[in-house]
Amino acid sequence: MSQSKSVFISFLVILWYSSNIGVILLNKYLLSNYGFSFPIFLTMCHMSACAILSYFSIVLFKFVPLQSVNSRTQFYKIFVLSVVFCGSVVGGNISLRYIPVSFNQAVGATTPFFTAVFAYFVAWKREAWATYAALIPVVAGVVIASGGEPSFHLFGFIMCISATAARAFKTVLQGILLSSEGEKLNSMNLMLYMSPISVLVLLPATFIMEPTALDTVLSLGTRSKSMWPLLLVNSVMAYSANLSNFLVTKHTSALTLQVLGNAKGAVAVVISILIFRNPVSFIGMAGYAITVSGVVLYGETKKRYK
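Residues numbered from 1 in each chain as written. Predicted model: local features only at pLDDT ≥ 70, side-chain atom pairs only at ≥ 80, totals over all residues. Heavy atoms only, no water.

**Student:** Please explain the overall build of the chain as it appears in this structure.
**Tutor:** A count of helical and extended segments in the chain gives 13 helices and zero strands. Traced from its N-terminal end to its C-terminal end, the chain shows the element sequence α-α-α-α-α-α-α-α-α-α-α-α-α. Relative to the globule expectation of 19 Å for 306 residues, the C-alpha radius of gyration of the chain, 19 Å, shows essentially globular dimensions. Projecting the C-alpha coordinates of the chain onto the three principal axes gives extents of approximately 55 × 50 × 45 Å. A fraction of 85% describes how many contacts in the chain between residues 6 or more apart in sequence connect residues 24 or more apart. For the chain, the computed accessible surface area is about 15,000 Å², with 70% contributed by carbon and sulfur atoms. (Helix = DSSP H or I, 4+ residues; strand = E, 2+ residues; numbered from the N terminus. Rg over C-alpha atoms; globule rule 2.2 N^0.38 Å. Contact = heavy atoms within 4.5 Å. Areas by Shrake-Rupley, 256 points an atom, 1.4 Å probe, with all protein chains shown as cover.)

**Student:** I keep staring at the pattern of salt bridges and nothing clicks. Help me out?
**Tutor:** Two side chains that carry opposite charge are able to pair once their charged atoms sit near each other. Inspection of the entire model under this criterion finds three salt bridges. Residues Glu127 and Lys302 are paired through a salt bridge, measuring 3.8 Å at the closest nitrogen-oxygen approach. Within this pair, whereas Glu127 is found in the loop between α5 (111-121) and α6 (129-133), its partner Lys302 is found in helix α13 (residues 282-304), the two being separated by 175 residues in sequence. (Salt bridge = Lys/Arg side-chain N within 4 Å of Asp/Glu carboxyl O.)

**Student:** Is there a simple way to explain the environment of Arg126 in this structure?
**Tutor:** Position of Arg126 among the secondary structure elements: in the loop between α5 and α6. Considering only alpha carbons, one finds Arg126 and Ala116, 10 residues apart in sequence, at a separation of 8.5 Å. When near neighbours in sequence (up to four residues on either side) are disregarded, Arg126 contacts Tyr120 and Tyr132. A distance of 2.9 Å separates a polar side-chain atom of Arg126 from the backbone oxygen of Tyr120. (Polar contact = N/O pair within 3.5 Å; in protein donor to acceptor, adjacent residues only side chain to side chain.)

**Student:** Explanation requested: the side chain of Thr291 in the structure shown.
**Tutor:** By secondary structure assignment, the location of Thr291 is in helix α13. The buried category is assigned to Thr291, whose relative accessible area is 0%. Engagement of the side chain of Thr291 in a polar contact is seen with the backbone oxygen of Val138, the distance being 3.2 Å. (Buried < 20%, exposed > 50% of the residue type's maximum accessible area, 1.4 Å probe, protein only.)

**Student:** How should I be thinking about the packing of helix α1 (residues 3-33) against helix α11 (residues 227-251) in this particular structure?
**Tutor:** In a pair of packed helices, the angle between the axes and the distance between the axes together describe the arrangement. Running from N to C, α1 and α11 point in directions that differ by 145°, and their axes come no closer than 8 Å. Viewed along their axes, α1 and α11 form a crossing whose handedness is left-handed. The residue makeup of the contact of α1 with α11, split by class, is 18 nonpolar, 10 polar and no charged. (Axes fitted to C-alpha atoms, helices over the stretch in contact; angles between N-to-C directions. Left-handed = near helix turned anticlockwise from the far one by under 90°. Nonpolar A, V, L, I, M, F, W, Y, C, P; charged D, E, K, R; others polar.)

**Student:** Explain the packing of aromatic side chains to me, please; I cannot follow it from the model alone.
**Tutor:** Centre distance and the angle of the planes are the two values used to describe a pair of aromatic rings. Following the criterion strictly, the structure yields 16 aromatic pairs and no others. Pairing Phe36 with Phe41 gives two aromatic rings, centres 6.1 Å apart and planes at 55°, and the pair type is tilted. Note on Phe36: relative accessible area 0%, which makes it buried. Classification of Phe41 as buried rests on a relative accessible area of 9%. Measuring from ring centre to ring centre gives 5.5 Å for Phe152 and Phe157, while their planes differ by 45°; the resulting arrangement is tilted. Overall, the relative accessible area of 18% leaves Phe157 in the buried class. Each member of the aromatic cluster is reached from another via a ring pair, and the members are Tyr120, Phe121, Trp129 and Tyr132. One cation-aromatic arrangement involves Arg126 over Tyr120; the distance from NZ or CZ to the ring centre is 3.9 Å. (Phe/Tyr/Trp six-rings, centres within 6.5 Å; stacked < 30°, edge-to-face > 60°. Lys NZ or Arg CZ within 6 Å of the ring centre and 35° of its normal.)

**Student:** Explanation requested: the nonpolar core in the structure shown.
**Tutor:** Inside soluble globular proteins, nonpolar side chains tend to come together where they are buried. Core analysis: the biggest nonpolar cluster contains 60 residues, and Phe36, Phe41 and Leu231 have the highest contact counts within it. Per element, the largest residue contribution to this core is 10 residues, and it comes from α1. The residues contacting Leu231, other than those within four sequence positions of it, are Leu30, Phe36, Phe41, Leu42 and Cys45. In terms of nonpolar packing, the next biggest core, distinct from the first, is built from 11 residues, Phe103, Ala145, Val269 and Val292 among them. (Core = buried A, V, L, I, M, F, W, Y, C linked by side-chain atoms within 4.5 Å.)

Pasting the structure below:
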């Protein structure tokens with residue numbers, strides 16, 4: 001590998017880390033520490049930025065080749081994925097109002113468990129029993145972390161586990177709905193089509209469930225000059241996380257992304273504790289460590305018995 005390519009890949013990894021961790025930390029700050037208690041509206045801002053920036057990067061600047069939607073059936077499939085995607089992002093943002101980032105990341109690490117469950121019951125995809133056995137520490141770790149979490153909040157936990165399950169369900173559903181060669185879309189093109197649909201889904205949800213969101217945001221923006229820059233940076237980071245995810249996978253491999261993802265959760269936990277000073281316990285951290293170890297074991301076992 002040439003030095004210039006190594007530098008480029010290092011830049012992509014740093015961008016991926018900073019975008020993913022940054023958007024989580026900013027979400028937590030806005031939703032819990034800033035008086036901006038509107039997770040649906042915040043998600044709509046994210047999706048709006050993704051729609052606009054996806055259009056510019058793909059349609060105008062042709063950063064990646066444009067893949068078209070070829071049939072009404074394919075559009076309906078993308079619409080279903082968009083709704084599930086909205087649910088997962090909104091659920092995750094709601095959870096950040098009630099639980100610390102460290103616990104949010106511990107629960108989020110159980111994604112492989114839910115992916116395996118949905119793959120089994122929805123896609124009828126079977127794995128070796130050793131692979132399923134590797135998921136036991138993933139679940140056990142979260143149970144231990146929940147019992148040792150000083151800031152445990154039941155509703156926040158339910159929303160976080162629901163968001164994690166929805167994220168896994170979307171992955172499995174995407175594999176089923178967009179499985180034919182003529183319907184497969186790369187992650188950037190899928191975001192191009194999903195994000196405007198998500199905005200249309202979230203707009204009425206915001207008016208119905210968060211009717212005071214716009215007035216409060218305008219009021220906060222008037223009182224604090226940092227409100228609009230924070231919201232803008234947060235929304236752009238949401239798109240940057242998706243862009244960098246695509247680029248890191250393209251220029252390295254899915255396995256590299258998985259390893260980086262496991263480490264990213266741990267980095268996000270450490271940084272969030274340093275910033276927000278939320279109390280942690282040895283049992284909670286031990287539970288999270290067990291979950292991450294289980295995720296690594298699951299990945300290795302899955303490769304071995306593939």
